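Single-letter residue listing:
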Amino acid sequence: MEMVLQNMIKQFYKAMKEPIPEGMDAMDEISLIGLLKKYLEDKRYAIVFDDVWTLEFWGFIKYVLPENRRGSRVVITTRNVELGCAIRESRFPHVHNLQPLPPESSWELFCKKAFHGSCCPSELEKISIDIVKRCAGLPLAIVAIGGALSTKQKNELEWKKFNDSHGSQLETNPHLESGRNELIHRSLVQLSEVYDVGRIRRCKVHDLMREIILKKAEELSFCHVLGDEDSSFNRKFRWGSVQKGTNTIAVETINRNAQIRSLLLFDIDAVPMLLAGISLTYFKLLKVLDFEDAPRHIILEDLGNLFQLSYLSLRGTKVKMLPKSIGKLQNLQTLDLKHSLVKALPVEITKHKKLHHILAYSYLSNPERRFLTARGVHIGEGIGSMLDLQKLCYVEANNGKGLIEKLGKVRQSRRLGIVNLMEEDGLSMCASISNMKYLESLIILSKDDVQVYLRNNRLSYDPMEVLEALPNLLELDLINAYGGDCFCFTELGFQKLKILWLYDMKGLKTLKIHEGALPALKHLAIQPSPQMGVPSGIRLLKNLTRIDFWNMPREFTYNMRPQDGQNYHIVEHVPNVFFHDFHVYGQTTLSLR
């Protein structure tokens, strides 16, 4: 830190055209700090620290600079999110997150680097626009690519060749190698989708970095992506991805690699060709097997021989039944059956001690109820022995009271979805849920009396006493799950809940929200509750950012109009309030403002 302090002192004295103190180069760190503080204590100063990366640097420097109440400014740029959070919590609270450059600025920067500030030649304009688009507004990428192109001949063929292979250019050009390393450090892993509760759902990497990753993975025989354009590939690899079409070479390449650990299939018709004539036992090291959206029938006879398998996805396939041999997969951690045709899990599934995630549901359209309902899977009472299970979405509750009671033993649950819950199982359900202290998401759908012509089977008592005590609950969806006329959210209830959906509770008249309840709630959805008035407690929910009302009475909507609505003050603080109505012509959505 001594060099940093010496540099700061020299720049301050130079800016004021004052002589640098004698002997400063021989001073220790404590003396330098004293000199700097004394010099700045009666001055208004501005200082910029560019590209700060460590928390240690900030922890040191924030105590060096005096806070003398003279309007001084400290500007810090960083790629470290943790450092940004630390600064936000200090006496420097203003943090600005930089966004990608807009198209106009990206083009201007590119032309400045590629053509030294001149205009782009007309014959290169189309290819230049494509290159800039691939940089996705990242300044460093634009500068690196533009600088490289500035040294090349200004003809379309040369630039097209560069554009087709710029991933390898980045890998081999010494001038760009340092730029590539900078790209890795500058948050090239970007968030593309985040759940409302704040969990990360999807990430992506920059297009340039993706090409480098794939190239390096092939060189190391680690991973290979096979598509329609592949003509041959003779190396061995451990992770394989087959994409687009029915390329025979891709199929043959996979079938030659017995040592493969992971197999992902995207947008293909080649499932019957893949593994043709070869038992699944041939791939005895396979850990990841993903058949998502495979369009044809998949044969799983030898599935139980994949002893190393930890991830199996049959999402969106036409598979109707899992083989009993799945019980042999003792290393299986994730089973994804979303939107498949599987309706029941074999009893052998309960032998799995390492299974963490069972995702098995399909959404069904219900014109009478005007929203999607869900179908789960049947599972036996042996579920109680799966002590490490964290996600179970959704399970059919109509297997009997024993199943609901056994769920209480699955104490590690983070996310739970129950469909077709019967009223007589309501108390058992509440008792089981009360054991799930880590539960973050709970979705409950009661038996649909309209479809199966049964009496109303919704719970007749308020389950909130049990639910609001769950310390980690982030999301709660209750669909046709309560037959009472009053929901009460008591003080200090649901301290972490961020999403609350109350659907198809036609008898609900009152929604009471006490001071201190639901302090973290961001999204509230109600559909439909025709007898309910505007809940006055909404005004207490200071962090609420969105409300959705579905098929509510016209008077309910009118009373919240900004111009003259008597209840507008209740939702005035909420940025986004929407009213949705289903009708014979489709759906209409109106915004309050």
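This one's a predicted model, so the numbers in the text were calculated from it and none came from an experiment.

### What to know about the pattern of salt bridges
Two side chains that carry opposite charge are able to pair once their charged atoms sit near each other.
Line of reasoning, step 1. Across all of its chains, the model carries five salt bridges by this definition.
Line of reasoning, step 2. Between Asp-25 and Lys-10 there is a salt bridge, with the nearest N and O atoms lying 3.7 Å from each other. Separated by 15 residues along the polypeptide, Asp-25 in the loop between α1 (2-15) and α2 (29-40) and Lys-10 in helix α1 bring together distant segments of the chain.
Line of reasoning, step 3. Look at Lys-10 and you get partly exposed, because its relative accessible area is 32%.

### Observations regarding the packing of helix α5 (residues 103-114) against helix α6 (residues 122-134)
Line of reasoning, step 1. At a closest axis distance of 10 Å, the pairing of α5 and α6 adopts a crossing angle of 115°. Between α5 and α6 lies a crossing whose hand is right-handed. Where α5 approaches α6, its residues Ser-106, Trp-107 and Phe-110 are matched on the opposing element by Glu-125, Ser-128, Ile-129, Ile-131 and Val-132.
Line of reasoning, step 2. The residue makeup of the contact of α5 with α6, split by class, is five nonpolar, two polar and one charged.

### Digging into the packing of aromatic side chains
Within a pair of aromatic rings, the relevant descriptors are the distance that separates the centres and the angle that separates the planes.
Line of reasoning, step 1. Throughout the structure, instances matching the rule amount to 14 aromatic pairs.
Line of reasoning, step 2. Geometrically, the ring pair formed by Phe-49 and Phe-57 is edge-to-face, given 5.5 Å between the ring centres and 75° between the ring planes.
Line of reasoning, step 3. Under the relative-accessibility criterion, Phe-57 is labelled buried at 14%.
Line of reasoning, step 4. Consider the rings of Trp-501 and Tyr-503, whose centres lie 5.3 Å apart with planes at 25°: the pair is stacked.

### Regarding a nonpolar patch on the surface
Line of reasoning, step 1. Together, Leu-220, Phe-222 and Trp-239 give the surface a local cluster of nonpolar side chains, amounting to about 290 Å² of exposed area.
Line of reasoning, step 2. Within the secondary structure layout, Trp-239 lies in strand β6 (residues 239-245).

How each quantity is defined
- Residues numbered from 1 in each chain as written.
- Predicted model: local features only at pLDDT ≥ 70, side-chain atom pairs only at ≥ 80, totals over all residues.
- Heavy atoms only, no water.
- Salt bridge = Lys/Arg side-chain N within 4 Å of Asp/Glu carboxyl O.
- Helix = DSSP H or I, 4+ residues; strand = E, 2+ residues; numbered from the N terminus.
- Buried < 20%, exposed > 50% of the residue type's maximum accessible area, 1.4 Å probe, protein only.
- Axes fitted to C-alpha atoms, helices over the stretch in contact; angles between N-to-C directions.
- Left-handed = near helix turned anticlockwise from the far one by under 90°.
- Contact = heavy atoms within 4.5 Å.
- Nonpolar A, V, L, I, M, F, W, Y, C, P; charged D, E, K, R; others polar.
- Phe/Tyr/Trp six-rings, centres within 6.5 Å; stacked < 30°, edge-to-face > 60°.
- Patch = residues over 30% accessible without salt bridge, like charges linked within 9 Å, V, L, I, M, F, W, Y side chains within 5 Å.
- Areas by Shrake-Rupley, 256 points an atom, 1.4 Å probe, with all protein chains shown as cover.

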